[in-house]
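# Coordinate analysis (summary)
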Amino acid sequence: HTNDLAEMNIMGRSFRITGRLDNVICCGGLMFQIEEIEAEIKSHINIPFIISKRRDNKFGYVPVLVMQSVNEDDLRKVKLICENVLPKYKRPKEYILSDTLPMTETGTPNRAVAKALAIDSVQEPL
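Residues numbered from 1 in each chain as written. Predicted model: local features only at pLDDT ≥ 70, side-chain atom pairs only at ≥ 80, totals over all residues. Heavy atoms only, no water.

## Brief notes about the overall build of the protein
Within the protein, the regular secondary structure consists of 3 helices and 7 strands. Residue burial in the protein is summarised as follows: out of 126 residues, 35% are buried. Sequence-distant contacts, at least 24 apart, represent 52% of the contacts inside the protein between residues at least 6 apart. A total accessible area of about 8100 Å² is found for the protein, and carbon and sulfur atoms account for 53% of it. (Helix = DSSP H or I, 4+ residues; strand = E, 2+ residues; numbered from the N terminus. Buried < 20%, exposed > 50% of the residue type's maximum accessible area, 1.4 Å probe, protein only. Contact = heavy atoms within 4.5 Å. Areas by Shrake-Rupley, 256 points an atom, 1.4 Å probe, with all protein chains shown as cover.)

Structure follows, in structure tokens:
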């Protein structure tokens, strides 16, 4: 068991990995991948960031954006980009500013640490 999600082609002869089960956000009955959100905004944001999730009493889970910045101007720009690029249900409900992004030893986002930041965050939801 890998927890990878995949799509089979119509002939059933090949597949492509679309994400991981751990990275699915079910928000208000709509399901989408964390990587999906990252791909939609990546070309618009030049600040390192990771999308994570946290539990929400109303929606189940909500997206959270962790960004490598402590600058309030960067925060305003990223919020505006998310509002203009993402559908409302995919928009981060919280933005966390961090000196550094949590990364693994291989240089990939450390999603477990990002999720812990999202859960432990005391910032006001939007």
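## Structural notes on the nonpolar core
With 18 residues, the main nonpolar core has Ile41, Leu65 and Val78 as its most contacted residues. Looking at this core, the elements that each hand over two or more residues are strand S3 (24-27), helix H1 (34-42), strand S5 (49-56), strand S6 (60-68) and helix H2 (72-85). Aside from chain neighbours lying at most four places away, what touches Leu65 is Ile41, Phe49, Ile50, Ile51, Val78, Cys82, Pro92, Glu94, Tyr95 and Ile96. If you look at the next biggest cluster of nonpolar residues, it comprises 7 residues, including Ile50, Val66, Ala114 and Ala118. (Core = buried A, V, L, I, M, F, W, Y, C linked by side-chain atoms within 4.5 Å.)

## Observations regarding the pattern of salt bridges
Within this structure, the stated rule accounts for 6 salt bridges. With a closest N to O distance of 2.5 Å, Glu40 and Lys90 form a salt bridge. In this pair, Glu40 is assigned in helix H1 and Lys90 in the loop between H2 and strand S7 (94-98), connecting sequence segments 50 residues apart. Relative accessible area serves as the criterion here: at 26%, Glu40 is assigned to the partly exposed category. As a salt-bridge pair, Asp73 and Arg76 come within 2.4 Å of each other at their nearest N and O atoms. Of this pair, Asp73 and Arg76 both sit in helix H2, 3 residues apart, which is roughly one turn of that helix. (Salt bridge = Lys/Arg side-chain N within 4 Å of Asp/Glu carboxyl O.)

## What about the packing of aromatic side chains?
Counting across every chain of the model gives 1 aromatic pair. Plain terms: the ring middles of Phe32 and Tyr89 are 5.6 Å apart, the flat faces sit at 65° to each other, and that makes the pair edge-to-face. Taken together, the positions of Phe32 in strand S4 (residues 30-33) and Tyr89 in the loop between H2 and S7 put the pair 57 residues apart, joining distant regions of the chain. We classify Phe32 as buried; its relative accessible area is 3%. When the ring centre of Tyr61 is taken as reference, the NZ or CZ atom of Arg55 above it lies at 5.0 Å. (Phe/Tyr/Trp six-rings, centres within 6.5 Å; stacked < 30°, edge-to-face > 60°. Lys NZ or Arg CZ within 6 Å of the ring centre and 35° of its normal.)

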